[in-house]
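A look at the structure
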Amino acid sequence: MDVDSDMGLSHILNSPPHTAASVLGNGPGSGLGAPGTGSPPPDYPRLLIRNVHLPFDSDDPTLADPLYNVSCVGGRVDRVELATANGHSQGSRHSTPPHHPEYHGQTRDRQGAHAELDAQGRGILLPALCHAHIHLDKCFLLDQCDELVTGHFAEALRVTTKAKSSFPHNLEDLYDRGRKLITQSVECGVTLMRAHVEVDEAVHYTCVDIGLRLKKLFRDICHVQIAVFAQDPFFVLPVDERPCLNYALLQAAAHRPGVEAVGSAPYVEPTIAHAKRNIDYIFELALEVGLHVDFHLDYNLEPTSEPLIWYVLDQLRERIQQGRWRTGAHVCIGHATRLTLFSPEEWARLRVALVDERLPVTLVGLPPSDLYMMGRHLEHAPRSTLNVPRLAAEQGLRVAMAVNNVENAFTPQGPVDPLSLCPLGVAIFQAGTKKDCRALLRRGGANDRATPPQESVTLNARLAVGGGAHHKAGASSPRPSITPAPGMLADFVLLHENDTLHAAALNPSFSRTTIRHGQVVARRVAQTWILPQKTPSPDLLSPA
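As a starting point, this report considers the structure included with it. Remember, predicted model here, so these are calculated numbers, not experimental data. (Residues numbered from 1 in each chain as written. Predicted model: local features only at pLDDT ≥ 70, side-chain atom pairs only at ≥ 80, totals over all residues. Heavy atoms only, no water.)

The tally for this structure, following the rule as stated, stands at 24 salt bridges. Across the salt bridge formed by Asp-499 and Arg-122, the nearest N and O atoms sit 3.3 Å from each other. With Asp-499 in the loop between β16 (492-495) and α16 (501-506) and Arg-122 in the loop between β6 (112-118) and β7 (124-127), this residue pair connects regions lying 377 residues apart in the sequence. The exposure classification of Asp-499 matches that of Arg-122, with both residues buried. For Glu-284, the salt bridge goes to Arg-324, with nearest N and O atoms at 2.9 Å. Here Glu-284 is found in helix α8 (residues 272-289), whereas its partner Arg-324 is found in the loop between α9 (309-321) and β13 (331-335), with 40 residues between them in sequence. (Salt bridge = Lys/Arg side-chain N within 4 Å of Asp/Glu carboxyl O. Helix = DSSP H or I, 4+ residues; strand = E, 2+ residues; numbered from the N terminus. Buried < 20%, exposed > 50% of the residue type's maximum accessible area, 1.4 Å probe, protein only.)

With that settled, consider the sheet that holds strand β9 (residues 190-198). To summarise the sheet geometry, strands pair through backbone hydrogen bonds and adopt either a parallel or an antiparallel arrangement. Reading across the sheet, the eight strands line up as β8-β9-β10-β11-β12-β13-β14-β15 and stay open at both edges, with parallel pairing between neighbours. This sheet does not close on itself; its edge strands, each paired only once, are β8 (129-135) and β15 (399-401). Taken pair by pair, the neighbouring strands of this sheet meet at an average axis angle of 25°, ignoring direction. In this structure, strand β10 (residues 223-230) lies alongside strand β11 (residues 259-264), joined through five bridges in parallel fashion. By the bridge assignment for β11, Phe-229 is matched with Gly-263. (Pairing = 2+ DSSP bridges. Axes fitted to C-alpha atoms, helices over the stretch in contact; angles between N-to-C directions.)

So, about helix α7 (residues 245-254). Inspection of α7 places Asn-246, Tyr-247, Leu-249, Leu-250, Ala-253 and Ala-254 among the buried residues, and these make up the whole buried set. Down the axis of α7, the smallest arc covering the buried residues is 160°, so these residues share one side. As for α7, its buried residues are in contact with α6 (206-217), β10, β11 and α8. (Arc of directions from axis to C-beta. Contact = heavy atoms within 4.5 Å.)

We now examine the nonpolar core. Considering soluble globular proteins, one finds that nonpolar side chains tend to be buried as a cluster. Core analysis: the biggest nonpolar cluster contains 113 residues, and Val-228, Phe-295, Ile-309, Val-331, Ile-333 and Leu-350 have the highest contact counts within it. Contact partners of Leu-350, with chain neighbours within four places excluded, come to Ile-309, Trp-310, Leu-313, Leu-339, Leu-363 and Leu-397. Judged by nonpolar contacts, the second largest core, of 19 residues, contains Leu-125, Met-488, Leu-494 and Ile-515. (Core = buried A, V, L, I, M, F, W, Y, C linked by side-chain atoms within 4.5 Å.)

Summed over the entire model, instances satisfying the criterion amount to five cavities of 30 Å³ or more. One number sums up the size of the largest cavity: a volume of about 90 Å³. For the largest cavity, the lining is made up of 13 residues, of which Phe-153, His-335, Asn-404, Asn-405 and Phe-410 are closest to its centre. When its residues are assigned to classes, the lining of the largest cavity shows five nonpolar, seven polar and one charged. (1 Å grid on protein atoms, 1.4 Å probe; cavity = no way out; pocket = protein on both sides within 12 Å on 5 of 7 lines; lining within 4 Å. Points joined across faces, edges and corners; volume = space filled by probe spheres on them. Nonpolar A, V, L, I, M, F, W, Y, C, P; charged D, E, K, R; others polar.)

Before going further, it helps to spend a moment on the pairing of strand β3 (residues 68-73). For β3, the buried fraction is high: five of the six residues fall into the buried class. Examined bridge by bridge, strand β2 (residues 46-52) and β3 share four bridges and lie antiparallel to one another. Residue Ile-49 lies in a different strand from β3, and its bridge partner there is Val-70. Taken together, the six bridges between β3 and strand β4 (residues 76-82) define a ladder with antiparallel strand orientation. Its bridge partner lying in β4, Tyr-68 is registered against Leu-82.

Time to look at the packing of aromatic side chains. Given two aromatic rings, their pairing is described by the distance between the two centres and the angle made by the two planes. Tallying each qualifying case throughout the model produces 13 aromatic pairs. Between Phe-153 and Tyr-267, the aromatic rings sit 6.0 Å apart at their centres with planes inclined by 70°, giving edge-to-face as the arrangement. Separated by 114 residues along the polypeptide, Phe-153 in helix α4 (residues 153-164) and Tyr-267 in the loop between β11 and α8 bring together distant segments of the chain. The class for Phe-153 is partly exposed, based on a relative accessible area of 21%. On the accessibility criterion, Tyr-267 (25% relative accessible area) is partly exposed. The structure contains a cluster of three or more aromatic residues connected by ring pairs, namely Phe-153, Tyr-267, Tyr-299 and Phe-410. Over the aromatic face of Phe-140 sits the side chain of Lys-180, whose NZ or CZ is 4.2 Å from the ring centroid. For the cation-ring pair, Arg-349 lies above Trp-310, with the distance from its terminal atom to the ring centre recorded as 3.7 Å. (Phe/Tyr/Trp six-rings, centres within 6.5 Å; stacked < 30°, edge-to-face > 60°. Lys NZ or Arg CZ within 6 Å of the ring centre and 35° of its normal.)

The following block contains the structure:
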């Protein structure tokens, strides 16, 4: 199978590691600006997307069947109209035009540069994908690790720590693996990602340096939001009173220009008291520098373990009340597998905090890692990841899903594609109906009228990384929506061979076009071939 996927990426793929940062200059500013939502430059070209299906919250075929034109000006949606009859006629998903859209590159007229993408009656236009949680430095690392014997978390941590020791001495490999991850992600339709880069006594700032260089390299293609992350503990021994060098290194890394989030894994600390102090340190550091917060939290299935989510919420609530929380900052909670053991009363309590109180927290399930790691000691392996459709339908919770790791000891299996989580979710959550598939793709607060539908791998994922403001101030459609509307940021992925949300959730199209700020930045097309077959002879067709 040949793949055409180089549109908009050729200059990046051909840039050597030692020149990438100097060629592109400084990237987007750090801090709490909503990622991917800033106003694009006024000279951004216009883009007209023709003859495409659009996703709607309703099953009404009178909305879903027609074809639409979406006009993008200045990096945002200008208008959405039914396709007209003069060569761009209304149609339905049952027509059979060519499989792949025609892209007519930029030309110039009196109004500036403009381009056209004609879907030819096939394909559905979704909001662009987002990696709410992915590790940039540990991707594609499996072949550099010792062979896995048990597959347990402790083994994964050990072999990865050993492999990480070579990072400072092999910068080109670290750079190339990160560039490969971002490139493949953009080809899938990702235009925003929170990329975790580790800081510890082994790697110091090596991963941060490479991450910031890649952020600059891809700044016109994808917003790479760098999160400095402490996988290792702040306290080595249960008797330790002061944090070790790991925290000092993280503190310094958090002050680097271009860093936008800070996080840790409190569960690696020697005691629950130290885990809570870890959380305190991260909150204080985020306030000091002006960063988003990201915790790898409650990554276990132990009924007797204390869920640290309650401590995080208590501390956040207290900080907001005391004025020690920056406006626009957001807390992302990754994994949270312990929550799958919650009683109805505990879920109700969590709903009060996240929905009624509107604390700025988003849960992010990481199915590839959660399912691979959790429940190994149990006789019957549970569905050990957050149930996105059920939490949306029953609790009105906005839950995102993310890939997390790609080809390393923590998650050796699975692709980089966020949409691959949807068919996986259909199986895990037994969610194959049209209603359930819409929930996987777009639901985020079904029981709360003030909370619009959101996608677990697009709008909800953007919310998790602090990018909830998808419209500019004063726009006519102020709330996030899966359907393009005037004023919305023109970040989309066109799935060439899916015409409905249901089809996109069950079997996402491989062939895609990625649009960021109203510009086509990537296209991925599968070219297939099969050996021509001769017409069978009558003898072969007759019954035996």
